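# A look at the structure
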Amino acid sequence: MSLVTYQTSIQNDWVDYNGHLRDAFYLLIFSHATDALMDELGLDETGRTRTGHTLYTLECHLNFLAEVKESERVEVRTQLLAHDAKRLHIHHALYRPGENASLAESEQMLMNIDSAAGRAAPFDAQVADKVAQLASEHQGLPQPACVGRVIGLRR
């Protein structure tokens with residue numbers, strides 16, 4: 001099963017003139033989920049201090065699938081799709097707790113960065129072990145429908 005990385009209630013100031021969650025706040029919620037994933041992998045504050053590493057988002061695709069209203073409880077479920085020595089290909093999906101229909105999805109590519117050097121670096125051994133463990137746990141999960149989508153108009 002994918003990892004529940006973040007839970008929150010939709011705040012009043014996150015809601016737009018249409019009465020639903022503003023576009024930008026979907027990304028805020030997914031950003032908090034990425035922070036929680038970092039914690040899970042050992043790149044929390046202690047891990048970032050120990051390794052000098054952090055994660056940067058290289059690319060992000062958002063799919064808005066259903067309206068989310070003020071005060072609703074939501075949770076993010078995160079799946080590790082693939083990884084290499086420096087990168088994570090992840091998928092976040094937003095749900096109402098206990099439901100199976102996603103409200104929004106975000107496919108992301110994250111890069112491990114050596115903060116002092118300001119450039120990509122292989123994961124620290126302890127972090128790499130946790131990445132490998134999570135990859136093993138997620139290996140049998142189906143690929144989400146919104147992964148690999150391309151934006152464009154048919155001509």
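This text gives an overview of the structure that appears in the document. The model shown is predicted, which means the values in this text are computed figures rather than measured ones.

## What about the side chain of Thr78?
Inspection of the secondary structure puts Thr78 in strand β3 (residues 73-83). Polar contacts involving the side chain of Thr78 include one to the side chain of Thr5, which spans 2.8 Å. Apart from residues no more than four positions distant in its own chain, Thr78 is found in contact with Ser2, Leu3, Thr5, Ala33, Leu37, His91, His92 and His138.

## Notes on the packing of aromatic side chains
Per the stated rule, a full pass over the model turns up 2 aromatic pairs. Ring centres of Trp14 and Phe25 lie 5.5 Å apart, and the angle between their planes is 15°; this geometry places the pair in the stacked category. Of this pair, Trp14 sits in the loop between β1 (3-9) and α1 (23-40) while Phe25 sits in helix α1, and the two are 11 residues apart along the sequence. On the basis of relative accessibility, which here comes to 11%, the residue Trp14 falls in the buried class. Ring plane angle 75° and centroid distance 4.9 Å describe the contact between Tyr26 and Phe64, whose orientation is recorded as edge-to-face. A residue pair is termed long-range when its members are at least 10 positions apart, and Tyr26 in helix α1 and Phe64 in strand β2 (residues 53-64) qualify at 38 residues. Judged by its relative accessible area of 43%, Phe64 is partly exposed.

## Regarding the pattern of salt bridges
By the definition in use, this model includes 6 salt bridges. The salt bridge involving Arg77 is made with Glu75; its shortest N-O contact spans 2.8 Å. Overall, the relative accessible area of 11% leaves Arg77 in the buried class. Residue Glu75 is classed as buried on the basis of its relative accessible area, which comes to 8%. A salt bridge links Glu99 to Arg96; its shortest N-O distance comes to 3.9 Å. According to the relative accessible area criterion, Glu99 is partly exposed, its value standing at 35%.

What counts and how
- Residues numbered from 1 in each chain as written.
- Predicted model: local features only at pLDDT ≥ 70, side-chain atom pairs only at ≥ 80, totals over all residues.
- Heavy atoms only, no water.
- Helix = DSSP H or I, 4+ residues; strand = E, 2+ residues; numbered from the N terminus.
- Polar contact = N/O pair within 3.5 Å; in protein donor to acceptor, adjacent residues only side chain to side chain.
- Contact = heavy atoms within 4.5 Å.
- Phe/Tyr/Trp six-rings, centres within 6.5 Å; stacked < 30°, edge-to-face > 60°.
- Buried < 20%, exposed > 50% of the residue type's maximum accessible area, 1.4 Å probe, protein only.
- Salt bridge = Lys/Arg side-chain N within 4 Å of Asp/Glu carboxyl O.

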